[in-house]
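Here are the chains, one letter per residue:
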Amino acid sequence: MNMSTMNLNRSQDEAELEAEFQRRIDNEEKIEPKDWMPEAYRKNLIRQISQHAHSEVIGMQPEGNWITRAPSLHRKAVLLAKVQDEAGHGLYLYSAAETLGISREELIDALHTGAAKYASIFNYPSLSWADMGAIGWLVDGAAIVNQVSLQRTSYGPYARGMVRICKEESFHQRQGYHILMTLMEGDERQRKMAQDAVNRFWWPSLMMFGPHDSDSEHSGQSMTWKIKRQSNDELRQKFVDQSVEQAEAIGLTLPDPDLRWNEERGHYDFGEIDWDEFYSVIAGNGHCNRDRVAHHRRAHDEGAWVREALDAYENKRAAARTA
Amino acid sequence: MSQSNMKLYEVFIRGRRGLDHKHVGSLHAEDSEQALEYARDVYTRRGEGISIWVVNSSDICASQESDCESFYDPLDDKPYRHATHYQLPEKVNNM
Amino acid sequence: MSNVANEKIAAYANRLGDDSLIHGHRLSEWCSNGPFLEEDLAMTNVALDYIGRARNFLTYAAELIGGGATEDTLAYERDCLEYTNLLIYELPKGDFAFTTARQYLLDEFELLFLTALCNSEDSTLAAVAEKSLKETRYHLRRSKEWMLRLGNGTEESKEKLQTAVEQLIGYTPELFEVDALEKDLISGGIAVDRAGLEESWRSACEKTFDEAGVNMPQAVWRVKGGRTGFHTEHLGHLLADMQFVQRAYPGCQW
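Below or above, wherever it landed, is the structure these notes cover. Since this is a predicted model, take the numbers as computed values, not measurements. (Residues numbered from 1 in each chain as written. Chains lettered and ligands numbered in written order. Predicted model: local features only at pLDDT ≥ 70, side-chain atom pairs only at ≥ 80, totals over all residues. Heavy atoms only, no water.)

Focus on the overall build of chain C
Thinking step 1. When its secondary structure is counted, chain C shows 11 helices and zero strands.
Thinking step 2. Moving toward the C terminus, one meets the helices and strands of chain C in the order α-α-α-α-α-α-α-α-α-α-α.
Thinking step 3. Against the 2.2 N^0.38 benchmark of 18 Å for 254 residues, chain C shows a C-alpha radius of gyration of 18 Å, consistent with a compact globule.
Thinking step 4. The principal-axis extents of the C-alpha atoms in chain C amount to approximately 55 × 45 × 30 Å.
Thinking step 5. Residues counted as buried form 60% of the 254 residues belonging to chain C.
Thinking step 6. Long-range contacts, defined as pairs at least 24 residues apart, comprise 78% of the intrachain contacts of chain C with a sequence gap of at least 6. (Helix = DSSP H or I, 4+ residues; strand = E, 2+ residues; numbered from the N terminus. Rg over C-alpha atoms; globule rule 2.2 N^0.38 Å. Buried < 20%, exposed > 50% of the residue type's maximum accessible area, 1.4 Å probe, protein only. Contact = heavy atoms within 4.5 Å.)

Observations concerning the packing of aromatic side chains
Aromatic ring pairs are defined here through the distance separating the ring centres and the angle between the ring planes.
Thinking step 1. Taken as a whole and assessed by the stated rule, the structure comprises 21 aromatic pairs over all chains.
Thinking step 2. Aromatic pair C:Phe109 and C:Phe176: ring centres 5.5 Å apart, planes at 85°, arrangement edge-to-face. In this pair, C:Phe109 sits in helix H5 (residues 96–117) while C:Phe176 sits in the loop between helix H7 (155–168) and helix H8 (180–187), placing the two residues 67 residues apart along the sequence.
Thinking step 3. Taken together, the aromatic side chains of A:Phe21, A:Trp36, A:Tyr41 and A:Trp225 make up a single cluster linked through ring pairs.
Thinking step 4. In this arrangement the basic side chain of C:Arg78 is found over the ring face of C:Tyr83, its NZ or CZ atom lying 4.3 Å from the centre.
Thinking step 5. The side chain of C:Lys93 reaches across the aromatic face of C:Trp30, ending 4.9 Å from its centre. (Phe/Tyr/Trp six-rings, centres within 6.5 Å; stacked < 30°, edge-to-face > 60°. Lys NZ or Arg CZ within 6 Å of the ring centre and 35° of its normal.)

Quick notes on the sheet that holds strand E1 (residues 7–14) of chain B
All names here are of chain B.
Thinking step 1. Spatial strand order, E2-E1-E3: three strands in an open sheet with antiparallel pairing. What marks the edges here is a single partner per strand, and that holds for strand E2 (21–29) and strand E3 (51–56). Averaged over all adjacent pairs, the angle separating strand axes in this sheet is 30°, with direction ignored.
Thinking step 2. Relative to E3, E1 is paired through six bridges, and the arrangement is antiparallel. Bridge pairing links Arg14 to Ser51 in E3. (Pairing = 2+ DSSP bridges. Axes fitted to C-alpha atoms, helices over the stretch in contact; angles between N-to-C directions.)

Describing helix H2 (residues 39–58) of chain A
Thinking step 1. Helix length check: H2(A), at 20 residues, gives a terminal C-alpha distance of 28 Å against a target of 28 Å (1.5 Å per residue), a fit within 8%.
Thinking step 2. Among the 20 residues of H2(A), 14 are classified as buried, and the element is accordingly described as predominantly covered. (Expected span 1.5 Å × (residues − 1).)

With respect to the side chain of C:His23
Thinking step 1. One can find C:His23 in helix H1 (residues 3–28).
Thinking step 2. Here C:His23 is in contact with C:Tyr50, C:Tyr89, C:Arg102, C:Gln103 and C:Leu106, once residues within four sequence places are set aside.

Topic: the interface of chain C and chain B
Thinking step 1. Counting from both sides, the interface comprises 12 residues of chain C and, opposite them, 12 residues of chain B.
Thinking step 2. Remark: the boundary between chain C and chain B carries six residue pairs in polar contact (both at pLDDT 80 or more).
Thinking step 3. Only helix H2 (37–65) and helix H6 (123–151) of chain C provide two or more residues apiece to the side of chain C that touches chain B.
Thinking step 4. Tallied by class, residues from the side of chain C that touches chain B come to five nonpolar, one polar and six charged. (Polar contact = N/O pair within 3.5 Å; in protein donor to acceptor, adjacent residues only side chain to side chain. Nonpolar A, V, L, I, M, F, W, Y, C, P; charged D, E, K, R; others polar.)

So, the interface of chain A and chain C
Thinking step 1. On the side of chain C, 49 residues touch chain A, which itself brings 45 residues to the contact.
Thinking step 2. When the buried surface of chain A facing chain C is broken down by residue, A:Leu73, A:Gln84 and A:Trp305 rank first, second and third, together holding 20% of it.
Thinking step 3. There are one salt bridge connecting chain A and chain C.
Thinking step 4. Across the chain A-chain C interface, the total number found is 17 residue pairs in polar contact (both at pLDDT 80 or more).
Thinking step 5. Every element with two or more residues in the side of chain A that touches chain C is listed here: helix H3 (60–64), helix H4 (73–98), helix H7 (156–184), helix H8 (188–207), helix H12 (289–302) and helix H13 (304–322) of chain A. (Buried area = accessible area lost by both parts, 1.4 Å probe. Salt bridge = Lys/Arg side-chain N within 4 Å of Asp/Glu carboxyl O.)

A few points about the environment of C:Glu82
Residues and elements named next belong to chain C.
Thinking step 1. Mapped onto the secondary structure, Glu82 falls in the loop between helix H3 (71–76) and helix H4 (87–90).
Thinking step 2. The exposure class assigned to Glu82 is partly exposed, which follows from its relative accessible area of 44%.
Thinking step 3. At 2.8 Å, the side chain of Glu82 and the backbone nitrogen of Asp79 are in polar contact.

Notes on the packing of H4(A) against H2(C)
Thinking step 1. At a closest axis distance of 10 Å, the pairing of H4(A) and H2(C) adopts a crossing angle of 165°. Compared by their axis directions, H4(A) and H2(C) come out roughly antiparallel. Seen from above, H4(A) lies across H2(C) with left-handed handedness. Along the contact surface, H4(A) presents A:Leu73, A:His74, A:Lys76, A:Ala77, A:Leu80, A:Ala81, A:Gln84, A:Ala87, A:Gly88, A:Gly90, A:Leu91 and A:Tyr94, while H2(C) presents C:Leu37, C:Glu38, C:Leu41, C:Thr44, C:Asn45, C:Ala47, C:Leu48, C:Ile51, C:Arg55 and C:Leu58. (Parallel < 35°, antiparallel > 145°, perpendicular 65-115°, else oblique. Left-handed = near helix turned anticlockwise from the far one by under 90°.)

Considering unusual backbone geometry
Peptide bonds are trans in most cases, and residues, glycine excluded, mostly fall at negative phi.
Residues and elements named next belong to chain A.
Thinking step 1. Phi is positive for Glu28, which is not a glycine, with a value near 65°.
Thinking step 2. For Glu28, the location among the structural elements is in the loop between helix H1 (3–26) and H2.
Thinking step 3. In this structure Glu28 comes out as partly exposed when scored by relative accessible area, which is 43%.
Thinking step 4. The phi angle at Lys226 is positive, at roughly 60°, despite the residue not being glycine.
Thinking step 5. Within the secondary structure, Lys226 sits in the loop between helix H9 (219–224) and helix H10 (232–249).

Focus: a nonpolar patch on the surface
Thinking step 1. A cluster of nonpolar residues, B:Tyr80, B:Tyr86, B:Leu88 and B:Val92, forms a patch on the protein surface that exposes about 370 Å² of accessible area.
Thinking step 2. Mapped onto the elements, B:Val92 comes out in the segment after helix H2 (68–72). (Patch = residues over 30% accessible without salt bridge, like charges linked within 9 Å, V, L, I, M, F, W, Y side chains within 5 Å. Areas by Shrake-Rupley, 256 points an atom, 1.4 Å probe, with all protein chains shown as cover.)

Topic: a negative patch on the surface
Thinking step 1. Together, A:Asp13, A:Glu14, A:Glu16 and A:Glu18 make up a negatively charged patch on the protein surface.
Thinking step 2. Classification of A:Glu16 by relative accessible area gives exposed; the value is 56%. (Lys, Arg positive; Asp, Glu negative; His and termini not counted. Charge placed at Lys NZ, Arg CZ, Asp CG, Glu CD.)

Put into structure tokens, the structure is as follows:
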């Protein structure tokens, strides 16, 4: 057998494997870690899961910013538990990514070098207590819409992680809404604080769903592979539809003059997102881009000696066991 | 500089008495005691468990996809092992 | 029970609440700053335990005080001079070695203290103690393991741990100080006689320090004053942070 027939055989095999892989996906079967998968599927998943994991972990910062300043002990405990959940969710997702043959260390390294992204919403600053409400209600709310859809993603460990995360997240959005509700029942300054937070977080929350389907670079393939189950625009619409009533119920105004019910579509129409702002913040022009990564890097670097001590201790004990 | 030497552990939790331990995810720890504690802190924040197992991921021996035919197919040709194989009269069909 | 006794029990619950609150606050500062993600989650669990404990003690104190007092008026509307936590709780979180050493020294103390408080004649205090004791048993298991890991880890970790212990040791004698208020409550079977715990505490600590290969120094310097509001400069900053919203928008519901 000469070289070229060997290559031919290999690509035939590969084509068969790929057909079998796609058949599974089309049949709504999950792909599991040991299954054969196209390299591009693996890469795409690592990109998406790690971005998701980093978002959870970086997302700890804007809310962590208010843990020590929470205005009641109850709120303090809730916020702390919530931010801790984000750490847990980051961990579940790192676990899912690790089943694809990449280490946590490599993932963190990619975050630090900027090779891996996180949700750009976390480059916005959290300036008032009401921001804890707006982040919970809108940012977590948008994340949940996306995550509910991802419970049906084709990669087993990712889907299972999502199920777990969705179960835990239900209180996140509710506690945020409850913060805003309490502020709206308060005095003039509190209501103003709440409205201001919603004004700042509404549009960035809509941006969380990513570019329009027509402009989304990874969407097509991700949908075929069922990594993504619903398109950016579908999910965004769902989020807008659910948010309008929730805002009205507590007297908040969503900052969009074009927002109105469209009887024909059975959905709310809404204004165009400022995509220049979206791409500009991703490109580094957000208030907190540098701070977020620097914070993570600092904590990681400051922890280096602790991790080294752990290793050294374990090595000594291992040596003692074999001696 | 890293946690490269920390080991990956798989975590299994028994939700309540009478249930199986179920795989819930993984985590990094230096040794199994630490893995147990972290499993408690990471995976049972809402009191999800009454018993935790942790297993070094590298100690798990997993069947391979390529083994499937010889591994599982021979088990799949015995429909008589399943209750539904037996059509019984309506009256006793809850058996 | 007489009003005088109630006032004293309130003050006692309040100081125990202050200890827990300030400690929980310091631990909460680690959130998103831990050496790795698993430890971040674990430390936050400990922080949550302390905040929960603080709420239990302060709610009880507020009930006894009456007149519209709540856990939040106690936490957010008192200034530095009115706070009664012991100094060791308010020291900045420092590095991981400092946090570990403080946690360990306090866990050994709290294990003894809470065990004794379970027998308080005051059923609320006893109930809070019982719940807290379960938490502390777990905290101690963690902090003791970390003492061994850091002490027997690298040269650097050992040195950091030793330094931390030396920075902390002069604040430990205050844990065992009994003032007039507590003396009174001890004779009523309500408060714990802290002074009586010192020996057991010291021998437990010494055993762990020995295993960790770190010296347990004698407290040649001693700083105290927390119970009378004579604090370090750190507490004012902590409170400025913690109370900011309530101070900037007084009289609001949150």
